[in-house]
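Coordinates in review
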Amino acid sequence: MTTTEQRGRVVIAVPGPLVRAVRRHGVVLTGVVMVAAALAWKAVLLQHAYFKEDDYEFVARAVESGLSFDYLTRIHFGQFMPGGFLLAWLSARLEPYGWGVAAGGVLVLHAAAGLAVLRMLRVVFGARPAILAPLLVFLLAPITFPALAWWAAALNTVFLQLALPMAVASHWHHLRTGRLRHAVAAAAWVLVGLLGFVKGFAVPLVLLALTAIYFGGLRRRLAAWLMYAGVLAAFGALYAQRSLAAPNTGGLPLFDQAASFLWELLGRTFATTVLGGPWKWFAGNDWGVAAPPTPLVVLSLLVLALLVVVTGYYRRRAYLAWGLLLGYAVVADALPVLWGRVHLLGSFAGTDTRYVADAAPLLALVVGLVLLPLPGEAEPYRRPLPARERVSGLCGAALGVFAGASLVSVTIFAGYLGADRRHGYIETARAELAKAAPGAVVYDRLVPADVVPGGYRTYSLTSRVLGAMASPQLRARMQDPPAALDGLVFDDLGRLRPVEVAGTELAPRTPDGCWPATGGTVQVPLAASPPRVEGTLIRLGYSARADTEVTLWMADRPVDVKLRAGLGKVFMVAEPGADRIVLPDLPPGVCVGAVTPGQAVPVP
């Protein structure tokens, strides 16, 4: 490129080869710019989101686990997601609870999915400007955004959003050329989809349907079908084997639950979001589900019916393409949730857009299939189309309405993002752990329920959730804390504070306030306490004339403690089932006093 000045004007001369390259690849370059712009837009909105629910367990497990086969193939509430666990492991190792790292990782894969949709459209329809319209549908579709705002959901979804269009592109190449290497590539992408999301089983079904609708001759592609079936069989065997070691959370819902769920998911959530809705969200702090107004649901269904009728009236096989999209939504999105979630959540599960977010690439393909002719397709339309200007105007207006509606829906949802409470708690705890003394003993406690719900059991504990940010030595001590004279515990703000025990005190009824010794052995009774996820912490009061070492026994476990001279107290975690503390050969000058079993709490 050269710059010259002619008669007071600056003239920029662009080399001819560069001009020809831009003209030749202008559609692809424009598509890349569109993907980059959508990525930047979503990144700006997602910076206000934060970790929630399963995210904390994913980070904690990643930090405390090696990159092992068992870690990658663990079944998480019915989800088999080695790809997601790999990405979680890498993100957590780079920065535990670093939202920029975690969200950035899934956004990169989502952008790769956008490029994959562009490739799919270019392979199926050729590099014509019209393919940018269905690409825009994928990039703006509101069904993709809420899943990105929940890291655990995104870890599933982005892999399938990437794998489906790549598998379609490779399979389409195979159908056109007959080259087996393209079928091998498609099989590899099927595997990628399966390793990211169990719903990847539907990708070969999509490939089968596309072949039957647009090419026929299913028997001639026997090698490809055998490869796809082999991938599914191998995956199924591995999934079944790993499921044996996982708790069974699946179950069938009642009929009315199932019917209500299908209406919510397909009739309200999917039908509105594919048109740019839902325009209204039932939302709280940093989350939201679709809550479209009933008049807009009815209008959406009417618009969809009109689109199906009009496109089917003109475009051959349009009805089959729409049927493919609906079939995918039923088989891949509705049926797995019917088995795994509806019996627990009821029809409310159908309002969650993350269950249909993986259908966005197929939506873009179907939009192209019902409007655009395939390269070399003979008689793509049943009858002559109206004037070109009228068709272009109507399609442009429809795309504009969709884009505007999508921007409104996503912007409204983004307004609910923000988790100052959770973010503040985590960052405060991070700073406290960084300045904790090397030998600090931190006792366990449930993380506040407004940060992590208690239903995550051990992954609702500070030793797990906050331990992910500690050094390996401190983390191990948090998960198995020793007895200590000066213990710490996290308060509800994430600060480390001196520990106290909230429980019922049991004091000896002796004149000196000491538990009596029999043959040099003192036995301190422990009142029964309810089982707790975090365990029971014991505070044992004592007095000693001098610094002394003693051994305390609970159940069959000895605990060595160095007592300081004077009045003091010992904190220790109770052994399950222990009904007493035994101190054999108690040195003279040591008095063991009141004992309090209960919960670890911060000193007020």
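Structure: above.
This is a predicted model, so every value here is computed, not measured. (Residues numbered from 1 in each chain as written. Predicted model: local features only at pLDDT ≥ 70, side-chain atom pairs only at ≥ 80, totals over all residues. Heavy atoms only, no water.)

Here we look at helix 18 (residues 388–414)
As a reminder of what qualifies: The way it works is that DSSP assigns letters per residue, a run of H or I at least four long becomes a helix, a run of E at least two long becomes a strand, and they are numbered from the N terminus. Helices are assigned an expected span. That span is 1.5 Å times one less than the residue count. When a residue's accessible area, from a 1.4 Å probe over protein chains only, is under 20% of the maximum for its type it is buried; when over 50% it is exposed; and in between it is partly exposed. It only takes one pair of heavy atoms within 4.5 Å for two residues to be counted as in contact.
In a regular helix each residue adds 1.5 Å, so 27 residues correspond to 39 Å; helix 18 covers 38 Å between its end C-alpha atoms and thus fits that length. Those residues of helix 18 lying buried are F402, A403, A405, S406, S409, V410, F413 and A414. Buried-residue contacts for helix 18 involve helix 2 (26–46), helix 7 (132–140), helix 8 (145–149), helix 13 (255–273), strand 5 (281–284) and strand 6 (287–290).

Overview of the nonpolar core
Put simply, the rule is: Put simply, buried Ala, Val, Leu, Ile, Met, Phe, Trp, Tyr and Cys residues joined by side-chain atoms within 4.5 Å make one nonpolar core.
Ranked by size, the top nonpolar core spans 153 residues in total, and within it Y97 and W151 carry the most contacts. Broken down by element, the residue count for this core peaks at 16 residues, all from helix 6 (residues 99–125). Once residues lying within four places of it in the same chain are set aside, the contact partners of W151 are F51, D55, F58, V59, A88, S91, W99, A102 and V106.

Let's talk about the sheet that holds strand 8 (residues 496–503)
To keep it simple, the criterion reads: For two strands to be treated as a pair, DSSP must find no fewer than two bridges joining them. Only the stretch in contact is used when fitting a helix axis, every axis being a line fitted to C-alpha atoms; angles between N-to-C directions are given from 0 to 180 degrees.
Spatial ordering of the open sheet is given by 7-8-16-11-14, a layout of five strands whose pairing is antiparallel. The outermost strands of the open sheet, each flanked by one partner alone, are strand 7 (488–490) and strand 14 (566–573). Put simply, the sheet's adjacent strands are angled 55 degrees from each other on average, direction ignored.

Things to note about the environment of L485
Position of L485 relative to the elements: it lies in the loop between helix 21 (472–479) and strand 7. Between the alpha carbons of L485 and R421 there is a distance of 32 Å; along the sequence they are 64 residues apart. In contact with L485, other than residues within four places in its own chain, are Y542, V561, K562, L563, R564, K569, V570 and F571.

Brief notes about the state of the cysteines
Inclusion rule: Only a pair of cysteine sulfur atoms within 2.5 Å counts as a disulfide in this structure description.
Following the criterion strictly, the structure yields one disulfide and no others. The partner cysteine of C514 in its disulfide is C591, sulfur to sulfur 1.7 Å. On the S-S bond that ties C514 to C591, the torsion sits near -110 degrees, and the link is left-handed. Here C514, found in the loop between strand 8 and strand 9 (517–518), pairs with C591, found in strand 16 (residues 590–602); they are 77 residues apart in sequence, far enough to count as distant. For the pair C514 and C591, a shared accessibility class is recorded, and that class is buried.

Describing the side chain of S409
You can see S409 is positioned in helix 18. If sequence neighbours within four positions are ignored, S409 has contacts with P142, G276, G277, P278, W279 and W281.

Digging into the packing of aromatic side chains
Keep this limit in mind: Aromatic pairs are defined between Phe, Tyr and Trp rings, using the six-membered ring for Trp, whenever the two ring centres lie within 6.5 Å; interplanar angles under 30 degrees are classed as stacked, those over 60 as edge-to-face, and all others as tilted. Here, over-ring charges are defined by two tests on the NZ atom of lysine or the CZ atom of arginine: distance to the ring centre within 6 Å, and angle to the ring normal within 35 degrees.
Under the defined criterion, the tally for this structure stands at 21 aromatic pairs. Taking 5.8 Å as the distance between ring centres and 70 degrees as the angle between the ring planes, the aromatic pair formed by F282 and W287 counts as edge-to-face. Residue F282 is classed as partly exposed on the basis of its relative accessible area of 46%. The side chain of R383 reaches across the aromatic face of Y313, ending 3.9 Å from its centre. Positioned above the aromatic ring of Y459, the side-chain terminus of R464 is 5.0 Å from the ring centre.

Observations regarding the side chain of K52
Among the secondary structure elements, K52 is positioned in the loop between helix 2 and helix 3 (54–64). Judged by its relative accessible area of 7%, K52 is buried. Leave out the neighbours within four places in its chain, and K52 touches A149, W150, D286 and R422.

Considerations on the packing of helix 13 against helix 15 (residues 318–340)
Applied cut-off: Any angle between 65 and 115 degrees counts as roughly perpendicular, while under 35 counts as roughly parallel, over 145 as roughly antiparallel, and the rest as oblique. Take the far helix as the reference: if the near one is turned anticlockwise from it by less than a right angle, the crossing is left-handed, and if turned clockwise, right-handed. Three classes are used: nonpolar for Ala, Val, Leu, Ile, Met, Phe, Trp, Tyr, Cys and Pro, charged for Asp, Glu, Lys and Arg, and polar for all others, with Gly counted as polar.
Their axes nearest at 11 Å, the elements helix 13 and helix 15 cross at an angle of 135 degrees. Considering their axes alone, helix 13 and helix 15 lie oblique with respect to each other. Here helix 13 and helix 15 pass one another in a crossing that is right-handed. On helix 15, the residues touching A258, F261, L262, L265, L266 and F270 of helix 13 are L325, A329, V330, D333, A334, V337 and L338. Looking at the contact of helix 13 with helix 15 residue by residue, the classes come out as 12 nonpolar, no polar and one charged.

Interpretation note: all reported values are geometric properties and have no functional meaning in isolation.
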